[in-house]
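Each chain, written out:
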Amino acid sequence: MIRGALPACLCAATLAAQSTSPRFPAGVASGEVTAYSAVLWTYTRSALDLEVELARDAAFSSTVFRASTSANAANGFTAKVEAWPLVPSTTYYYRWKAGFEVSDTGRFRTAPAASDTAGLRFVFAGDSDGTRIDGRPAYNEFEVLDAARREDPDFFVYLGDTVYTDSGKRSTGPAATLDEYRAAYLQNRTYPALLELMRSTSTYAVWDDHEFRNDFYPDGFGPALYRIGRQAFLEWMPVRDSFLPTGVECAGPPMLRVIRWGVEAVLIVLDERSCRSPSAARACRGSSGEPDLAPTLPASVRALAGLRDPVSPACLAAIADPTRTMLGRTQRELLFLVLRYFPARFKFVVSEVPMTRLYALPYDRWEGYAAERETILRFIAGNRIPNVVFVAADLHATVLSPLSVELDGETVPAATEIVTGPIAVDPLLSTLSSYPAFDPAYVKLLPPLAGVECADIEQMAYGVAEVDQGEARLAVKNKAGEILCEKVLGPPR
């Protein structure tokens, strides 16, 4: 267990430099914020009795909420408290105390009331490998999160792969025990850019595969790994694990959450790991033993891309199998209910993986579960649900694209997708270039083939969504805050 001492890979002096309080070395965070409640989080190095207090001013001249809890070995020395009742559209400040020791002060803003027309601005990004090699970052200092914080967002959507427990940069190999998973989260909290963003605004955290293992699905990796990954995520992120749906096909209650932001927006946060069917990659292995690089790419384009081996019918059948799912039946039906009936001008679907059909290595993305993907897009288009926006990461690239579907013999628009990141991993171009069959000319073929309006596969990035008076401005920016892609939805002001 991680008791009083830090893991050997983490230096106490390094951690202390990230926080003004040595008893709270991983800072503070808030999450799951609604109009009337918020989850408050912190971590300590050892077992402590804690108190958290909340006020409407940074001087804490008038405390409006106070609660006690404890950080101990059973919860990995993390602590969470749900604060309520709160007032809508209000900025709150919070801090933790352990005796005379006081944490840094965190801040968040509650959502507007259901009938409020107040706008919002939020930022989103994912894919943050904080592994250090000899004390130095394997990739960078998470600089895009500094740029994201400067946007002064109402909240931050942490879009999955919040840690890389199986990073190829880990000298000890993939994490296998709960303590090793906890240590991966702790290591990511040695980056000031992440600590400061989570301190300065609230976070809606989403897991993806690397919180468990690359391309994770429960049947392929076993219940023990799922339990460890789930527990570590719930300990280290300011998330609520109550009032979740259930599904007989799921390894655990899916982390589906619905967050209303007045009349302007609703966030639908999906869990695409707990109920996921096995990957089709095994059915798509070629003569080399590796999965086909682009099995659904049209034959004429495959030849141009240097992919000359035919794709097996079994591979295509597996990808199109209607019994395979990412969401499970219960979660999918709840998604449909919120999309169709929830009163909001913009509906942001927070997805761990992209919806856009990109053809290259589709197995872990929505296009690798083609039937369910089409079912969702058909539902949106068939019910004429306007202003649906999918936000995703995982691709390690920027992609902005319209999503369409065949309906009654015609191609009709369904939604928009904006894919962003990464924070700190190799960008997509570097990954693709490592495949012997990859032809760089394929990059030029991709955007028109996939209907992509804008793409960047070389830079670290984050997304920004600003909604006001029936208009949504979407953008992806690099670490300098420079726009890589942008789009405006809805009527002009």
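Residues numbered from 1 in each chain as written. Predicted model: local features only at pLDDT ≥ 70, side-chain atom pairs only at ≥ 80, totals over all residues. Heavy atoms only, no water.

> Go over the pairing of strand β8 (residues 106-109), please, and point to the residues and values.
A one-sided burial pattern is seen for β8, the buried positions being Gly-106 and Phe-108 and the unburied ones Arg-107 and Arg-109. Sheet topology note: the strand β6 (residues 91-98)/β8 ladder contains four bridges and is antiparallel. The residue of β8 that forms the bridge with Thr-91 is Arg-109. (Buried < 20%, exposed > 50% of the residue type's maximum accessible area, 1.4 Å probe, protein only. Helix = DSSP H or I, 4+ residues; strand = E, 2+ residues; numbered from the N terminus. Pairing = 2+ DSSP bridges.)

> Tell me about unusual backbone geometry, residues and numbers included.
With an omega dihedral of -5°, the bond running from Trp-84 to Pro-85 counts as a cis peptide bond. You can see Pro-85 is positioned in the loop between β5 (78-83) and β6. The phi dihedral of Phe-77 is positive, around 65°, even though this residue is not glycine. On the secondary structure map, Phe-77 appears in the loop between β4 (63-71) and β5.

> So what's going on with the pairing of strand β22 (residues 471-477)? Which residues, and what values?
Most of β22 is tucked away, with six of its seven residues classed as buried. Sheet analysis places strand β21 (residues 462-468) next to β22, joined by seven bridges and oriented antiparallel. The partner of Val-467 across the bridge, within β22, is Ala-472. Between β21 and the antiparallel strand that follows it, β22, lie two residues; Gln-469 among them carries a positive phi value of about 50°. Here β22 runs beside strand β23 (residues 483-489); their pairing, made up of six bridges, is antiparallel. Note that in β23 the partner of Val-476 across the bridge is Cys-485. In textbook terms, the turn of a hairpin is the stretch between consecutive antiparallel strands, and for β22 and β23 this stretch comprises five residues, one of which, Gly-481, has a positive phi near 80°.

> I'd like a description of the packing of aromatic side chains, backed by residues and values.
Geometry of an aromatic ring pair is reported as the spacing of the ring centres plus the angle between the planes. Applying the stated criterion across every chain yields a total of 22 aromatic pairs. Between Phe-142 and Tyr-191, the aromatic rings sit 4.2 Å apart at their centres with planes inclined by 5°, giving stacked as the arrangement. Highlighted residues: Phe-142 in the loop between β11 (136-137) and α2 (143-149) and Tyr-191 in the loop between α3 (178-188) and α4 (192-200), separated in sequence by 49 residues. Each member of the pair, Phe-142 as well as Tyr-191, is classed as buried. Grouped by ring-pair contacts, the aromatic residues Phe-122, Phe-124, Phe-155, Tyr-204, Trp-261, Phe-346 and Phe-348 constitute a single cluster. A cation over a ring is seen here: Arg-95 above Phe-60, with NZ or CZ 3.9 Å from the ring centre. In this arrangement the basic side chain of Arg-132 is found over the ring face of Tyr-191, its NZ or CZ atom lying 4.2 Å from the centre. (Phe/Tyr/Trp six-rings, centres within 6.5 Å; stacked < 30°, edge-to-face > 60°. Lys NZ or Arg CZ within 6 Å of the ring centre and 35° of its normal.)

> Describe in detail the pattern of salt bridges, supporting the description with residues and values.
By the definition in use, this model includes 25 salt bridges. Residue Asp-292 is joined to Arg-302 by a salt bridge in which the shortest nitrogen-to-oxygen separation is 2.9 Å. On the criterion of sequence distance, the pair formed by Asp-292 in the loop between β15 (265-269) and α7 (299-304) and Arg-302 in helix α7 is long-range, its members being 10 residues apart. Considered together, Asp-292 and Arg-302 belong to a single accessibility category, that of buried residues. One continuous salt-bridge network, built from bridges that share partners, spans Glu-51, Glu-53, Arg-66, Arg-95 and Lys-97. (Salt bridge = Lys/Arg side-chain N within 4 Å of Asp/Glu carboxyl O.)

> Summarise a nonpolar patch on the surface; cite the residues concerned and give the values.
On the surface, a nonpolar cluster with roughly 310 Å² of combined accessible area is contributed by Leu-334, Leu-337 and Tyr-341. As for its placement among the helices and strands, Leu-337 is situated in helix α9 (residues 329-341). (Patch = residues over 30% accessible without salt bridge, like charges linked within 9 Å, V, L, I, M, F, W, Y side chains within 5 Å. Areas by Shrake-Rupley, 256 points an atom, 1.4 Å probe, with all protein chains shown as cover.)

> Describe the sheet that holds strand β14 (residues 257-261), and please don't skip the residues or the numbers.
Here seven strands make up an open sheet; going across it, the order is β14-β15-β16-β17-β19-β18-β20 and the pairing mixed. Pairing within the sheet leaves two strands with one partner each, and these edge strands are β14 and β20 (454-456). Put simply, the sheet's adjacent strands are angled 30° from each other on average, direction ignored. As defined by bridge partners, β14 adjoins β15 across five bridges and the pair is classed as antiparallel. Of the residues in β15, the one forming a bridge with Trp-261 is Ala-265. Most of the contacts of helix α10 (residues 370-382) go to strand β18 (residues 398-407), to which it runs at about 75°, and overall it touches β17 (388-392), β18 and β19 (410-419). (Axes fitted to C-alpha atoms, helices over the stretch in contact; angles between N-to-C directions. Contact = heavy atoms within 4.5 Å.)

> Which residues make up the side chain of Thr-325, and what values do they have?
When you line up the elements, Thr-325 lands in the loop between α8 (313-320) and α9. A relative accessible area of 11% places Thr-325 in the buried class. A polar side-chain atom of Thr-325 sits 2.8 Å from the main-chain amide nitrogen of Gly-328. With residues near it in sequence (within four places) discarded, Thr-325 still touches Cys-275, Arg-276, Ser-277, Arg-332, Tyr-369 and Glu-372. (Polar contact = N/O pair within 3.5 Å; in protein donor to acceptor, adjacent residues only side chain to side chain.)

Treat this as a map of the structure, not an account of what it does.
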